[in-house]
Amino acid sequence: MENLQTQSQPIRLQNEDDVIDLKEVFFMLLHNWKKIFLAMLAGAVIFGAYHTFLMRPSYRADAVIYITNTDSMITFSDLQLSAALTDDYAKIIKSRTVLKRVIEELQLDLDYKQLGNLISVSNPDSTHIIEISVTCDDLELSRNIANALLNISVKQIYQIIGSSEPTVIDYSEADAVENVTPRLLKYLVMGAMIGAVLVCAVLLVAMLMNTTLKTEDDVMKYLDIPVLTSVPYYREH
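All of the points below concern the structure found in this document. (Residues numbered from 1 in each chain as written. Predicted model: local features only at pLDDT ≥ 70, side-chain atom pairs only at ≥ 80, totals over all residues. Heavy atoms only, no water.)

Further remarks concern unusual backbone geometry. Unlike most non-glycine residues, Q107 shows phi in positive territory, near 55°. Tracing the backbone through its elements, the reader meets Q107 in the loop between α5 (96-106) and α6 (112-117). (Helix = DSSP H or I, 4+ residues; strand = E, 2+ residues; numbered from the N terminus.)

Laid out in structure tokens, this is it:
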């Protein structure tokens, strides 16, 4: 009875700490190359269709101001003060007060948070120059917002700081507005990569979950017992 009970117990793998065989994974993926290719093709088609039919174009308008003292005599301390205040100026430009004035002037159907998401303020290379960028799906609107934001923020900075009014370097112009919509090729490649990654992940999980013994090597590897005999499989033609 004891022997019968022992034989009726389910077979367990002895090598519980086995690591993933990269060679086995490679050949498994190679064997399923058609599925991976179809997944890449499907991902590229889906992302390409989204880019072509659903994605709206994006336009970026830029305006630039210069922050420094406008007096005829500029001292080194003036330059240091201007550099130190540049970050403060950037915060003023995106302040709630300035954004609400822009919305009121242009009669935008946006709240100040939504408008703030369209705006980026940068200080390239820690200079005295501040670049204001507005990105949206309307070329003319992006230019109008950039210029309105520029004019209102210049006045607001002068009211708060009081030392001197920033100098406008560039207003936004229609011919300078850039189309920054991502290219179709970028979305095709992205879709193909995501499709490939997803199907490879599914195949890998399926392989790890499959504990079926398929070959004599599997018997030796997982059960650690010798193979005494094997029955060949005969397929009728």
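We are not done yet, so read on.
This part is about the packing of aromatic side chains. Using the criterion set out here, one finds three aromatic pairs in the structure. Judged by centre distance (5.4 Å) and plane angle (75°), the rings of F26 and F27 are edge-to-face. The exposure class of F27 is partly exposed, given its relative accessible area of 46%. Each ring, one from Y50 and one from Y187, has its centre 6.2 Å from the other, and the planes form 25°; the classification is stacked. (Phe/Tyr/Trp six-rings, centres within 6.5 Å; stacked < 30°, edge-to-face > 60°. Buried < 20%, exposed > 50% of the residue type's maximum accessible area, 1.4 Å probe, protein only.)

Turning next to the packing of helix α2 (residues 22-31) against helix α8 (residues 184-209). α8 packs onto α2 with a crossing angle of 125° between their chain directions and a minimal axis gap of 11 Å. With respect to their mutual orientation, α2 and α8 come out oblique. Judged by the sense of rotation from one axis to the other, the crossing of α2 with α8 is right-handed. Along the contact surface, α2 presents E24, V25, M28 and L29, while α8 presents C200, L203, L204 and M207. Residue classes in the contact of α2 with α8 are distributed as seven nonpolar, no polar and one charged. (Axes fitted to C-alpha atoms, helices over the stretch in contact; angles between N-to-C directions. Parallel < 35°, antiparallel > 145°, perpendicular 65-115°, else oblique. Left-handed = near helix turned anticlockwise from the far one by under 90°. Contact = heavy atoms within 4.5 Å. Nonpolar A, V, L, I, M, F, W, Y, C, P; charged D, E, K, R; others polar.)

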